[in-house]
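Summary of the model geometry
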Amino acid sequence: MAGLQLVNLTKRFGTTAAVYDFSLEVHDGELMCLLGPSGCGKTTTLRMIGGFATPDGGDILIEGHSVLALPPERRPTAMVFQRFNLWPHMTVTDNIAFGLRLRRLPAAAIHRKVGETLQLVGLPQAARKWPHQLSGGEQQRIAVARALVLEPKILLLDEPFSNLDARLRVRMREELKTLQRQVGITTVFVTHDQEEALTLADRIAVMNKGVMEQVDTPGVLYRRPQGLFVADFMGTMNFIRARYHRDRGALAGGQVGISARGDWHDGAVVTVAFRPEDVTFVDGDAGIPVQVRRVVNLGHYLEVTVDGSGVGAIKVFTDGQRPMSEGQSLNVHFRRILVYAEGLPLVEIEMPRLTHLRTAEEVVEGSPSV
Amino acid sequence: MSAVGEAVRERVGGLFWFWSVGAFRRSLPVLFLLGLAAFILGPLLSLILWAFAGRWFYPALLPQEFSLKWWDVVFGNRSVVNSIKYSLMTAPTVTLLSALICLPAAYAFARFQFPGRRFLLLSFLSANSFPKIGLYISIATLFYRLHLMTTFWGVVLIQLMGTLLFMIWIPTGTFRGINRSLEEAARDVGASGARTFFQITLPIAMPGLLVAGLFAFLAAFDEAQGTLIVGSPNYITMPVMMYTLVLNYPQPVGAVFSILLTLPSLVLLLLAQRLLRQGYLAAGYTL
């Protein structure tokens, strides 16, 4: 088992940088997700680790040794591709045994290892089958088996489940997670699906336009996204553009004051962000008055879209205890907000004080907490 | 509307009453298929009849007498036997040579980006876009100077030209159709580039390459114009011989020779079908 270090990795295609100055340390036995929208350079990064793309700058270290000079066949990595993994002219056994035969292992050892690995991925009955006789999910499991049988130091997975249907994808995730824990192999998993990353990863590295945005555990990444990109990309987030006013805090649409303290200069443009589950409905005059626009029942919770002057449309997740109907007038409050400003660190505020400036005269209402 | 319709149906329906009879309507597709079969197989059937006819005079529908005497005539003729020998020498040589030259080129066309790639690929069409006979005459003047006229290798070269298109275009498509990740997966588990090509890419491409080889063989085997100009009088292959036989011998000799000329194509076609049918590619390798 071994750690992986990427040091200032850069890759250019023509004049554009697909990956730029990318540094990341993956610990021994860790499952790291590279997450980002398509074209963000995550697959290119993975291909550079596997040896299928040559970086224009930087270094890749496995167990502290640079592997840059090694071709893919000499690197201690094993890759599972998005699709077209298995060689169609070989049986499952031959597919898995191919690498072992190249290493000139005795036939008995090959037989034993193939059997063990098939057992590990839960497909012992597939040994004599041909790839085309397997379902998509089974093919990907065999591909994982083929990668693991060589006991690589690093396992690389390039969106291996993206071609499977939703239900199977969720099951394969859980299986992979269990398998990875069992084997304890250092793993880099590329995906554009934030839900997949959140459920699988020990840590997630979010990439955008070839640059690392943030690397953190799923919990931290969800709770404290360090930039607007990550905030927007991970889960659902509401954004309100506001202008900072020294006395009134962040002023949204000139009507809603949100008590926020930060190192912003007077008149600075800030973005207030909050999760739909951090919006609460309050009784009386407290909070911001809004109207219910749409109610969508998602089974275990309601997704309510509300609209208020100054704040625009806001998504709210609520448990459906309180009856909701379209057109209804309500007051909302925020449990927790994040305030972003260009070039300045994120400010996190619990239970912010909200003020609503109605028409010309200023009415100040205390929020329940203050 | 209904009045006019009624009138029409009365008139027409009277004439085409059988149209509404179920048995007739059901038999239509069968009749059509029989007609098609007659159109395709009819000439072949008459060829076979002619080849085995001893005596066949008008107006008999079938020969009055069957015999193998025309086969004796064909196999008794030394120049005919020689033409079979030459054909069986040149066509396989051309196919192998064509594969040797074209397959690496096809792989390069499919896998590498290089300047002029499209232009070069299209250039292989050019040999087929000119009137062949004019091209052959100008090539012949070149071959005279190179002392290739009436030589075995001259014939091989001229036949090679007609195979290039098949041997470049079909394998290029085949190689391009093989997903790169199949090759990368092999590199990943420790195979060198050469081993990956021979153990992964080539076997997967085989059905397509066999088809290309079949087309190339048939193109070489059936080539007559160029071979006539370059090869004669020393190297008369079967298709060239055909001209002589048709012009100078009774009709059954031509029929016998036609059958001989068809045999290799037929055998190869059946062989290819068997090879292709057991293919994993036909089985729909999906994900």
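Conventions we followed
Residues numbered from 1 in each chain as written. Chains lettered and ligands numbered in written order. Predicted model: local features only at pLDDT ≥ 70, side-chain atom pairs only at ≥ 80, totals over all residues. Heavy atoms only, no water. Helix = DSSP H or I, 4+ residues; strand = E, 2+ residues; numbered from the N terminus. Rg over C-alpha atoms; globule rule 2.2 N^0.38 Å. Buried < 20%, exposed > 50% of the residue type's maximum accessible area, 1.4 Å probe, protein only. Contact = heavy atoms within 4.5 Å. Areas by Shrake-Rupley, 256 points an atom, 1.4 Å probe, with all protein chains shown as cover. Lys, Arg positive; Asp, Glu negative; His and termini not counted. Charge placed at Lys NZ, Arg CZ, Asp CG, Glu CD. Domains from an automatic or database assignment. Buried area = accessible area lost by both parts, 1.4 Å probe. Salt bridge = Lys/Arg side-chain N within 4 Å of Asp/Glu carboxyl O. Pairing = 2+ DSSP bridges. Axes fitted to C-alpha atoms, helices over the stretch in contact; angles between N-to-C directions.

- An unreviewed UniProt entry annotates chain A as ABC-type quaternary amine transporter of Candidatus Segetimicrobium genomatis.

Details of the overall build of chain B
- Along chain B, the regular secondary structure elements total 12 helices and 2 strands.
- In chain B, the succession of helices and strands from N to C terminus is α-α-β-β-α-α-α-α-α-α-α-α-α-α.
- In terms of overall dimensions, chain B is more spread out than a globule: its C-alpha atoms have a radius of gyration of 27 Å, far above the 19 Å expected for 287 residues.
- Principal-axis analysis of the C-alpha atoms places the extent of chain B at approximately 80 × 60 × 35 Å.
- Looking at chain B as a whole, 38% of its 287 residues qualify as buried.
- Across chain B, contacts joining residues at least 24 apart in sequence account for 68% of those joining residues at least 6 apart.
- Here chain B displays about 16,900 Å² of accessible surface, and carbon together with sulfur accounts for 72% of that area.
- Side chains of chain B give 19 positive and 9 negative charges; the mean places of these two sets differ by 5 Å.

Some words on the domain arrangement of chain B
Residue and element names in this part refer to chain B.
- Splitting chain B by domain gives domain 1 (2-51) and domain 2 (71-283).
- Here the C-alpha centroids of domain 1 and domain 2 sit 42 Å apart.
- Domain 1 puts 4 residues into the contact, and the matching count from domain 2 is 7 residues.
- In terms of surface lost to domain 2, no three residues of domain 1 exceed Leu47, Trp50 and Ala51, which account for 91% of the buried area on that side.

Focus on unusual backbone geometry
- Between serine 232 of chain B and proline 233 of chain B the backbone carries a cis peptide bond, its omega angle lying at 5°.
- You can see proline 233 of chain B is positioned in the loop between α10 (225-231) and α11 (238-248).
- Even without being a glycine, asparagine 8 of chain A presents a positive backbone phi close to 45°.
- Mapping asparagine 8 of chain A onto the fold places it in strand β1 (residues 4-13).
- For asparagine 8 of chain A, a relative accessible area of 37% puts it in the partly exposed group.
- One non-glycine residue, glutamate 63 of chain A, lies in the positive phi region at around 55°.
- Residue placement: glutamate 63 of chain A occurs in the loop between β4 (57-62) and β5 (65-66).

Re the interface of chain A and chain B
- Contacts between the two partners involve 32 residues from chain A, matched on the other side by 24 residues from chain B.
- Around 2,600 Å² of area is buried between chain A and chain B when both sides are counted, 64% of it from carbon and sulfur atoms.
- Looking at the side of chain A facing chain B, the largest losses of area belong to Glu73, Phe84 and His89 of chain A, adding up to 25% of the total buried there.
- In this assembly, chain A and chain B are joined by 2 salt bridges.
- A salt bridge links arginine 47 of chain A to glutamate 184 of chain B, with the nearest nitrogen and oxygen atoms 2.5 Å apart.

A short note on the sheet that holds strand β12 (residues 249-252) of chain A
All names here are of chain A.
- With antiparallel pairing, 7 strands are arranged side by side in an open sheet as β21-β20-β14-β11-β12-β13-β22. The sheet is open, and its two edges are formed by β21 (344-350) and β22 (354-356), each paired on a single side. Across the sheet, the axes of successive neighbouring strands diverge by a mean angle of 30°, strand direction being ignored.
- Note: strand β11 (residues 238-245) against strand β14 (residues 269-274), 6 bridges, orientation antiparallel. What sits directly across from arginine 241, in β14, is threonine 271.

A look at the pattern of salt bridges
- Overall, the coordinates contain 23 salt bridges over all chains when judged by the stated rule.
- Across the pair arginine 293 of chain A and aspartate 307 of chain A runs a salt bridge whose closest N-O atoms are separated by 3.2 Å. Within this pair, whereas arginine 293 of chain A is found in strand β16 (residues 288-297), its partner aspartate 307 of chain A is found in strand β17 (residues 302-308), the two being separated by 14 residues in sequence.
- Residue classification places arginine 293 of chain A among the partly exposed positions, given a relative accessible area of 44%.
- Measuring nitrogen to oxygen at the nearest pair gives 3.1 Å for the salt bridge that ties glutamate 183 of chain B to arginine 111 of chain B. Remark: arginine 111 of chain B occurs in helix α4 (residues 78-111) and glutamate 183 of chain B occurs in helix α8 (residues 180-188); sequence separation between them is 72 residues.
- A single salt-bridge network, built from bridges that share partners, covers Arg223, Arg224, Asp278, Arg336, Glu348 and Glu350 of chain A.

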